[in-house]
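Architecture at a glance
In case you want the letters, here they are:
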Amino acid sequence: MRVSLLGTGGIGGTLRELLAAGRVAGCVTGAAVGSRFPAGAVVEELTGSGDVVVEAAGGAAVRAYGAQVLAAGRDLVVCSAGALADDAVHAELDAAALAGGARWTVPPGAIGGLDLLAAAIRADGAADVTLTTVKTPGALGVPDVGVVFAGTAREAALRFPKTANVAVTLGLATTGIDRVRVVVTADPAARRTRHEITARTAVGEYRFALLNDTLPAGRTSAITVWSVVRALEELAARGRTPISLKKGAPS
Ligand SMILES: NC(=O)C1=CN([C@@H]2O[C@H](COP(=O)(O)OP(=O)(O)OC[C@H]3O[C@@H](n4cnc5c(N)ncnc54)[C@H](OP(=O)(O)O)[C@@H]3O)[C@@H](O)[C@H]2O)C=CC1
Ligand SMILES: O=C([O-])CC(=O)C(=O)O
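Residues numbered from 1 in each chain as written. Chains lettered and ligands numbered in written order. Predicted model: local features only at pLDDT ≥ 70, side-chain atom pairs only at ≥ 80, totals over all residues. Heavy atoms only, no water.

**Observations regarding the domain arrangement of the protein**
Basically, it comes down to this: For the domain bounds, the source is a domain assignment made automatically or taken from a database. Here, two residues are considered to be in contact whenever any of their heavy atoms come within 4.5 Å of each other. Take the accessible area each of two parts loses on contact, using a 1.4 Å probe, and add the two losses: that sum is the buried area. Salt-bridge detection follows one rule: a side-chain nitrogen of Lys or Arg within 4 Å of a carboxyl oxygen of Asp or Glu. Residues are sorted three ways: Asp, Glu, Lys and Arg are charged, Ala, Val, Leu, Ile, Met, Phe, Trp, Tyr, Cys and Pro are nonpolar, and all the rest, Gly among them, are polar.
In terms of domains, the protein is made up of domain 1 (2-109 + 223-237) and domain 2 (114-212). Its C-alpha centre places domain 1 at a distance of 24 Å from the equivalent point of domain 2. Every contact between the two is made by twelve residues of domain 1 and, on the other side, nine residues of domain 2. A buried area of about 780 Å², summed over both sides, lies between domain 1 and domain 2, and 64% of it is on carbon and sulfur atoms. If you sort the residues of domain 1 by the area they bury against domain 2, Gly82, Ala85 and Pro108 come out on top, with a joint share of 45%. Here domain 1 is connected to domain 2 by one salt bridge. Put simply, arginine 154 and aspartate 87 hold a salt bridge, and the shortest N to O gap is 3.1 Å. Each residue belonging to the side of domain 1 that touches domain 2 can be placed in one class, and the counts come to eight nonpolar, three polar and one charged.

Right, here's the structure in full:
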């Protein structure tokens, strides 16, 4: 499977190295496009030599190119899940995927436990899901310390468009981005990014604590790269059948 990369920063650049080194089973490098690539030629470059495109370039890139990639019949792995806090973007990707006969998916990225939570919320009864995130003020882009945000996952994505992707991913996988509660704390002493997910469901109570090393730039959890690797390997093994989550909530 040929993998094209939209974004060549922390995630995309590392993926490019892993693909070149043969570290992604069943996958080879397609195109790699950074922000200086001529905008009018991006989609052709990505789709011309890729069966699947990994977006690791930010919400604006999802909006600009995501639907075009899908409409061209190429699968899309979306890292910048925060863009999906805009329902119109979500609907646009769905429509383009239908038109192009392609699939799009959001890998778990910097969090986990979503398979269990997506199962548990299907049981009859109420479910409360909360994400508590601790990052450095620098990673969050805030001057303050302590609790800097409390609200829904959708609100978190609006407040932190570059660094609340996991909130939206959790929302999509579970009770929805308007129901999942998010608390964000800025801690200058945080040596790792901490995400804690707690869920009370009809069939049990769950707590996942994730302590992630970051990529050198200090914001993105390194595990995100490996989450994409796993998603790509599964896509390759299953002939581009999507296996990661997009929407875990029952429809
Ligand atoms: N789902 C998850 O769990 C996680 C998601 N993320 C998200 O993944 C995305 C990538 O993260 P990361 O790699 O750390 O980010 P970086 O900032 O390190 O890299 C982003 C890359 O995208 C490029 N880029 C920006 N705009 C465009 C564009 N319009 N067209 C093509 N390339 C573009 C940048 O180019 P240039 O350097 O020239 O500006 C840069 O190479 C971010 O949106 C981030 O928020 C991050 C962590 C976890
Ligand atoms: O959700 C995000 O944008 C990124 C994040 O928290 C992480 O990498 O741990």
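**Here's the deal with the packing of helix H3 (residues 59-71) against helix H4 (residues 87-100)**
Defined as follows: Only C-alpha atoms enter the line fits that serve as axes; for helices the fit covers just the stretch in contact. Angles between N-to-C directions range over 0 to 180 degrees. Helix and strand labels come from DSSP, where a helix needs a run of H or I of at least four residues and a strand needs a run of E of at least two; each type is numbered from the N terminus. Here the word oblique covers every angle except those under 35 degrees (roughly parallel), over 145 (roughly antiparallel) and from 65 to 115 (roughly perpendicular). Note on convention: near helix rotated counterclockwise from far helix by under a right angle means a left-handed crossing. Clockwise means right-handed.
Where H3 contacts H4, the two axes come as close as 7 Å, and the packing angle between them is 20°. The orientation of H3 with respect to H4, classified from their angle, is roughly parallel. H4 is crossed by H3, and the crossing has right-handed handedness. On the side of H3, the interface is formed by Val62, Arg63, Gly66, Ala67, Leu70 and Ala71, while H4 contributes Val89, Glu92, Leu93, Ala96, Ala97 and Gly100. Here the contact of H3 with H4 is composed, by residue class, of eight nonpolar, two polar and two charged.

**Topic: the nonpolar core**
Where we set the bar: What is meant by a nonpolar core is a set of buried Ala, Val, Leu, Ile, Met, Phe, Trp, Tyr and Cys residues, joined one to another through side-chain atoms within 4.5 Å. Using a 1.4 Å probe on the protein chains alone, a residue whose accessible area is under 20% of its type maximum counts as buried, one over 50% counts as exposed, and one in between counts as partly exposed.
Counting residues in each nonpolar core, the largest one holds 54 residues, and the members touching the most others are Leu93, Trp104, Leu170 and Val182. Contact partners of leucine 170, with chain neighbours within four places excluded, come to Ile111, Leu114, Leu117, Val129, Leu131, Val180 and Ile197. Counting 20 residues, the second-largest nonpolar core is a separate cluster that includes Met1, Cys27, Val54 and Val77.

**Things to note about the state of the cysteines**
The condition that has to hold: Note on terminology: pairs of cysteine sulfur atoms within 2.5 Å are recorded as disulfides.
What the rule picks out here adds up to zero disulfides. Free of any disulfide, cysteine 27 has its nearest cysteine sulfur in cysteine 79, 14 Å distant. The exposure class of cysteine 27 is buried, given its relative accessible area of 7%. The buried category is assigned to cysteine 79, whose relative accessible area is 14%.

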